[in-house]
Amino acid sequence: MTKPAYQRVLLKLSGEALMGDDSYGINRATIERMVADVAEVAALGVQLAIVIGGGNIFRGVAPGAQGMDRATADYMGMLATVMNSLALADAMRQAGLTARVMSAISIEQVVEPYVRPKALQYLEEGKLVIFAAGTGNPFFTTDTAAALRGSEIGAQIVLKATKVDGVYSADPNQDPEATRYTSISFDEAISKRLQVMDATAFALCRDQKLPIRVFSIVKPNALLRVVMGEDEGTLVHV
């Protein structure tokens, strides 16, 4: 294929992916490599929105959060995603890309609030949009935020970037006989209890008929191959 398979996509990055080989925080070389991958896709004219987790930062304070009220801990996690979003946007700026961070919680001195028409305008202008602070509500994961924002902006697919190159029949780190699915339906993934996304996010994507492509963010050029429609990772579909 010479043209991208998708014109508008939602990329879900885990906060842990930013750590590289570090135990927590942001690894500079890792974030620069991710930005280089994103730049390749943006150069094709693909409209790209990103939701990023905060596990890499929250991991550093997790011991002190034990026994904490769940809602409070979740709000801390949302603020961690804002920090990651700012770091990602700055790395994009240094790479010559234009990115806008939009937050689901109001901290207007730092980032602008999420407003759907404005996000759509940015995407149509060719800007990268980073959605921070999850859904803005406790008890919902950034996976759910990715499914929600992907549905809202009319993304053609949710790209879930992980450290594993797809969905397997079993944990490939524990079972050498585990096989990777190239394609699987939502219903089949549910019946086999495959952990693709959390249940809320997965149900939302299924109900909205929004496919999910699970692939490895650490594999060179994997994001580009996914956007070009090549057989990379696992496609979860209706």
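Quick caveat: nothing in here was measured; it's all calculated off a predicted structure. Throughout, residues of each chain are indexed from 1 in the direction in which the sequence is written. Note on the predicted model: pLDDT of at least 70 is required for a residue's local features to be given, and 80 or more for side-chain atom pairs to be given and counted; whole-chain, interface and lining totals, by contrast, use all residues. To get the side-chain values, all heavy atoms of the structure are used, and hydrogens and water are removed first.

### Regarding unusual backbone geometry
Trans peptide bonds make up the majority, and among non-glycine residues the majority have a negative phi.
Part 1 of the argument: Of note in the backbone geometry, Arg-193 takes a positive phi value of approximately 55° without being a glycine.
Part 2 of the argument: Secondary structure elements follow DSSP: runs of H or I of four or more residues count as helices, runs of E of two or more count as strands, with numbering from the N terminus. Checked against the element boundaries, Arg-193 lands in the loop between α6 (186-191) and α7 (199-207).
Part 3 of the argument: Three labels apply to residues, based on accessible area from a 1.4 Å probe with only protein chains included: buried if under 20% of the type maximum, exposed if over 50%, partly exposed otherwise in between. Arg-193 gets classed as exposed once you look at its relative accessible area, which sits at 72%.

### With respect to the nonpolar core
Part 1 of the argument: Leu-11, Leu-13, Leu-88, Met-92, Leu-159 and Phe-215 are the most contacted members of the largest nonpolar core, which has 40 residues in total.
Part 2 of the argument: Put simply, the parts of the chain that give this core at least two residues each are β1 (8-13), α1 (28-42), β2 (47-52), α3 (70-94), β3 (99-103), β5 (128-132), β6 (157-162) and α8 (222-227).
Part 3 of the argument: Among the elements that make up this core, the one with the highest residue count is α3 (seven residues).
Part 4 of the argument: If sequence neighbours within four positions are ignored, Leu-13 has contacts with Met-34, Ile-50, Val-51, Ile-52, Gly-53, Leu-88, Ala-161 and Ile-217.
Part 5 of the argument: Grouped together as the second largest cluster of nonpolar side chains are 32 residues, Leu-10, Val-158, Phe-202 and Val-214 included. Here, the term nonpolar core denotes a set of buried Ala, Val, Leu, Ile, Met, Phe, Trp, Tyr and Cys residues that are joined through side-chain atoms within 4.5 Å. Note on contacts: a residue pair qualifies if any of its non-hydrogen atoms lie within 4.5 Å across the two residues.

### Remarks on the sheet that holds β5
Part 1 of the argument: Within the open sheet, the nine strands sit side by side as β4-β3-β5-β2-β1-β6-β10-β11-β9. Their pairing is mixed. The sheet terminates laterally at β4 (112-113) and β9 (183-185), the two strands that pair on one side only.
Part 2 of the argument: Sheet analysis places strand β10 (residues 212-216) next to strand β11 (residues 234-237), joined by three bridges and oriented antiparallel. Across the sheet, Val-214 pairs through a bridge with Thr-234, a residue of β11. Only when DSSP finds a minimum of two bridges between them are two strands counted as paired.

### Here's the deal with the side chain of Arg-149
Part 1 of the argument: Looking at the element boundaries, Arg-149 is found in helix α5 (residues 142-152).
Part 2 of the argument: A distance of 2.7 Å separates a polar atom in the side chain of Arg-149 from a polar atom in the side chain of Glu-152.
Part 3 of the argument: The contact partners of Arg-149, leaving out residues within four places of it in the chain, are Leu-10, Val-51, Ala-104, Tyr-114, Phe-131, Gly-134 and Thr-135. We call two N or O atoms a polar contact when they sit within 3.5 Å, provided that within protein one can donate a hydrogen and the other can accept it, with sequence-adjacent residues counted only if both atoms are side-chain atoms.

### Things to note about α5
Part 1 of the argument: With respect to burial, α5 is a largely interior element, eight of its 11 residues being buried.
Part 2 of the argument: By the burial criterion, the buried members of α5 are Thr-142, Asp-143, Thr-144, Ala-145, Ala-146, Ala-147, Arg-149 and Gly-150.
Part 3 of the argument: Buried residues belonging to α5 abut β1, β2, α3, β5, β6 and α7.
Part 4 of the argument: Capping of α5 at its N-terminal end is provided by Thr-141; its side-chain oxygen lies 3.3 Å from the backbone amide nitrogen of Asp-143.

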